[in-house]
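# Fold and contact review
So you can see what is in the structure, the chains are spelled out below.
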Amino acid sequence: RSEMSSGSSLWSKDQFLCSICQDVFTDPVSTPCGHNFCKTCITRLWDANVPYKCPLCNEHFASRPQLRVNTLLKEVVDQFRGEAQQECLKVSKQIIKTSHMGRHDRLYEIQDKQEATEKRAEDFIRDLEQEISELKKRSSEVKQLSQDEDPLHLLQSFSSLKDAPPTKTWTEVRVHPPAYEGTVVRAVAQIEQKIREMMKELMKAEMKRFQQFAVDVTLDPDSAHPKLILSEDGKQVKYGDVRKNLPDNPERFSSCVNVLGQQSFSSGRFYFEVQVKGKTDWTLGVARESISRKGKITLSPQNGFWTVWLRNGNEYKALVGPPTRLHLHPAPQKVGVFVDYEEGLVSFYDVDAAALIYSFTGCSFKEKLYPYFSPSLNAGGKNSAPLIICPVNQAD
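Residues numbered from 1 in each chain as written. Predicted model: local features only at pLDDT ≥ 70, side-chain atom pairs only at ≥ 80, totals over all residues. Heavy atoms only, no water.

The name an unreviewed UniProt entry assigns to the protein is Bloodthirsty-related gene family, member 2, from the organism Poecilia formosa.

In structure tokens:
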């Protein structure tokens, strides 16, 4: 077991991914041609497709192969999955440890403030008791003099009395309890900051995982509104003032300045990134194949659009029915879009900040999905920058 542990560390995660579901193997089985898949994935595929062939190398099999779980690969995958869970556990423990350390530091600070306040109060009490003692002593001396019947002796004795000691104006003395509120607020703020930093690191790791599912997206000229200008490589789109004379084919948007990607997806996961730098208005997301492409269009999941937009330079919204306002600071320069078809998930990310913008969850996808883009109108030249589909940087 120890030899396997040391050897498995040399394996990359890609070697544990099923090419059908793009996730880590679950009960991996081997085909006669030597390729591995999740037992459920290959079973579903062969249940729906005849003749039987390997999804990777397309080798055909005369009869349906009998599949058995590859026990050695399963053991390695389970070990890999366990190591990944241990890493997550370590991060969770670190967050808890950081919270506890911050709390202990604040408790010590509160204790120091409490002790200082108590000492100040004790000093005031000691001074007050000494002053009371002096006053009582002088009162006794004056009382004794008042009983002296010899006027000359009384005058001499009175002139020899010392002046009364100066007294504090005790009504002005206050012992203020320590301001615990400020201490607690600072403690919570520091802990929150540390957790935010850790969560950002976790999000960076999560985005690296999403970027493994990067796809090569190009714009579909047959779907583009006639006023849109597409680059020759199909990676950039911007609004043009001149309406081109193009055929009004069924795929083309006729009123709204939209364009779809050429690639469609009906299973698995996919991810792409779009540069929005310099723009004041844009819309990004995915759309199902049967969307309306003519006349006025209302963007919402009910109408087959899962999108986020920017308007007027700083108004971000997720178009979920009524639109939901998003507060993004600073403004994202590059937006990542991740889709998990089976999970019903569409997530948007600020790539540079490694931060989640918004997620549509619980979606039910039953049609092909296409990447969706709108550079919006030029707004007098303020929004003339193009949307640019960027290559995904998967470097560490």
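### Looking at the overall build of the protein
A count of helices and strands for the protein gives 5 helices and 17 strands. Put simply, the protein has 396 residues, and 35% of those count as buried. Excluding contacts between residues fewer than 6 apart, the proportion of contacts in the protein whose partners are at least 24 apart in sequence is 63%. Per element, the accessible surface of the protein, about 24,000 Å² overall, is 52% carbon and sulfur. (Helix = DSSP H or I, 4+ residues; strand = E, 2+ residues; numbered from the N terminus. Buried < 20%, exposed > 50% of the residue type's maximum accessible area, 1.4 Å probe, protein only. Contact = heavy atoms within 4.5 Å. Areas by Shrake-Rupley, 256 points an atom, 1.4 Å probe, with all protein chains shown as cover.)

### Considerations on the nonpolar core
By size, the foremost hydrophobic cluster in this structure holds 37 residues, and its most contacted members are Trp282, Val346 and Phe373. The next biggest cluster of nonpolar side chains, apart from the first, holds 19 residues, and it includes Cys18, Phe25, Tyr52 and Leu73. (Core = buried A, V, L, I, M, F, W, Y, C linked by side-chain atoms within 4.5 Å.)

### Remarks on the packing of aromatic side chains
Tallied over the entire structure, the rule returns 14 aromatic pairs. Consider the rings of Phe210 and Tyr349, whose centres lie 5.2 Å apart with planes at 50°: the pair is tilted. With Phe210 in helix 5 (residues 180-211) and Tyr349 in strand 14 (residues 345-350), this pair connects stretches of sequence that are 139 residues apart. What makes Phe210 buried here is its relative accessible area of 3%. According to the relative accessible area criterion, Tyr349 is buried, its value standing at 4%. (Phe/Tyr/Trp six-rings, centres within 6.5 Å; stacked < 30°, edge-to-face > 60°.)

### A word on the sheet that holds strand 11 (residues 315-318)
Strand pairs in the sheet, formed through backbone hydrogen bonds, run parallel or antiparallel to each other. Strand order in the open sheet made by the 6 strands is 7-16-9-10-11-12, with antiparallel pairing throughout. Both edges of this open sheet fall to strand 7 (259-260) and strand 12 (324-326), since each of them pairs with a single strand only. One ladder, built from 6 bridges, connects strand 9 (residues 282-288) with strand 16 (residues 369-374); its direction is antiparallel. Residue Arg288 lies in a different strand from strand 16, and its bridge partner there is Leu369. (Pairing = 2+ DSSP bridges.)

### Observations regarding the pattern of salt bridges
Enumeration over the complete set of coordinates arrives at 8 salt bridges. For Arg64, the salt bridge goes to Asp47, with nearest N and O atoms at 2.9 Å. You can see Arg64 sitting in the loop between strand 4 (60-61) and helix 3 (71-146) and its partner Asp47 sitting in helix 2 (residues 39-48), a full 17 residues away along the chain. Of the charged contacts in the structure, one is a salt bridge between Lys204 and Glu201, with a shortest N-O distance of 3.8 Å. Taken together, the residues span about one helical turn, with Lys204 and Glu201 both in helix 5 at a distance of 3 residues. (Salt bridge = Lys/Arg side-chain N within 4 Å of Asp/Glu carboxyl O.)

### As for the environment of Val346
Position of Val346 relative to the elements: it lies in strand 14. Between the C-alpha atoms of Val346 and Phe360, which are 14 residues apart in sequence, the distance is 5.1 Å. What Val346 contacts, discounting residues up to four positions off in sequence, is Val286, Trp306, Val337, Phe338, Val339, Tyr358, Ser359, Phe360 and Phe365.

### Section: the state of the cysteines
If you walk through the whole model with that rule in mind, you get 0 disulfides. Distance from the sulfur of Cys33, which forms no disulfide, to the nearest cysteine sulfur (Cys54) is 3.6 Å. Cysteine Cys38 is unpaired, with the sulfur of Cys21 as its nearest cysteine sulfur at 3.9 Å. (Disulfide = S-S within 2.5 Å.)

### What about the pairing of strand 6 (residues 236-239)?
Residues of strand 6 alternate between two faces, with Val237 and Tyr239 buried on one and Gln236 and Lys238 left unburied on the opposite face. In this sheet, strand 6 lies alongside strand 5 (residues 228-230) in antiparallel orientation, the contact comprising 3 bridges. In the strand pairing of strand 6, Leu228 is matched with Tyr239. Between strand 5 and strand 6, which follow one another and run antiparallel, lie 5 residues, and Gly234 among them has a positive phi close to 75°. Here strand 6 pairs with strand 17 (residues 387-390) via 2 bridges, running antiparallel. Following the sheet pairing, Val237 is matched in strand 17 by Leu387.

### Digging into the layout of surface pockets
In this structure, the second largest pocket spans a volume of roughly 450 Å³. Lining of the second largest pocket is provided by 16 residues; of these, Ile20, Cys21, Cys41, Arg44 and Glu342 occupy positions nearest its centre. In terms of residues, the lining of the second largest pocket owes the most to one element, helix 2, which gives 4 residues. Class assignment for the residues of the lining of the second largest pocket results in 6 nonpolar, 4 polar and 6 charged. Both domains that furnish three or more residues to the lining of the second largest pocket are identified here as domain 1 (17-69) and domain 3 (221-390). (1 Å grid on protein atoms, 1.4 Å probe; cavity = no way out; pocket = protein on both sides within 12 Å on 5 of 7 lines; lining within 4 Å. Points joined across faces, edges and corners; volume = space filled by probe spheres on them. Nonpolar A, V, L, I, M, F, W, Y, C, P; charged D, E, K, R; others polar. Domains from an automatic or database assignment.)

### Concerning a negative patch on the surface
Together, Asp112, Glu115, Glu118 and Glu122 line one region of the surface with negative charge. With respect to the secondary-structure elements, Glu115 resides in helix 3. (Patch = residues over 30% accessible without salt bridge, like charges linked within 9 Å, V, L, I, M, F, W, Y side chains within 5 Å. Lys, Arg positive; Asp, Glu negative; His and termini not counted. Charge placed at Lys NZ, Arg CZ, Asp CG, Glu CD.)

### A few points about the pairing of strand 15 (residues 355-360)
Residues in a regular strand point their side chains to alternate faces of the sheet. By the bridge criterion, 5 bridges tie strand 14 to strand 15 in an arrangement that is antiparallel. Across the sheet, Val346 pairs through a bridge with Phe360, a residue of strand 15. If you look at the hairpin formed by strand 14 and strand 15, you'll find 4 residues sitting between the two strands, and Ala354 has a positive phi there, around 50°.

### Some details on the environment of Glu315
Looking at the element boundaries, Glu315 is found in strand 11. Between the C-alpha atoms of Glu315 and Thr280, which are 35 residues apart in sequence, the distance is 9.1 Å. For Glu315, the side chain forms a polar contact with the side chain of Asn312, separated by 3.2 Å. (Polar contact = N/O pair within 3.5 Å; in protein donor to acceptor, adjacent residues only side chain to side chain.)

### Focus: the sheet that holds strand 6
One open sheet holds the 7 strands; their spatial order is 5-6-17-8-13-14-15, and the pairing between them is antiparallel. A single partner strand is all that each edge strand has here, and the edge strands are strand 5 and strand 15. Ignoring which end each strand starts from, the neighbouring axes of this sheet average 20° apart. (Axes fitted to C-alpha atoms, helices over the stretch in contact; angles between N-to-C directions.)

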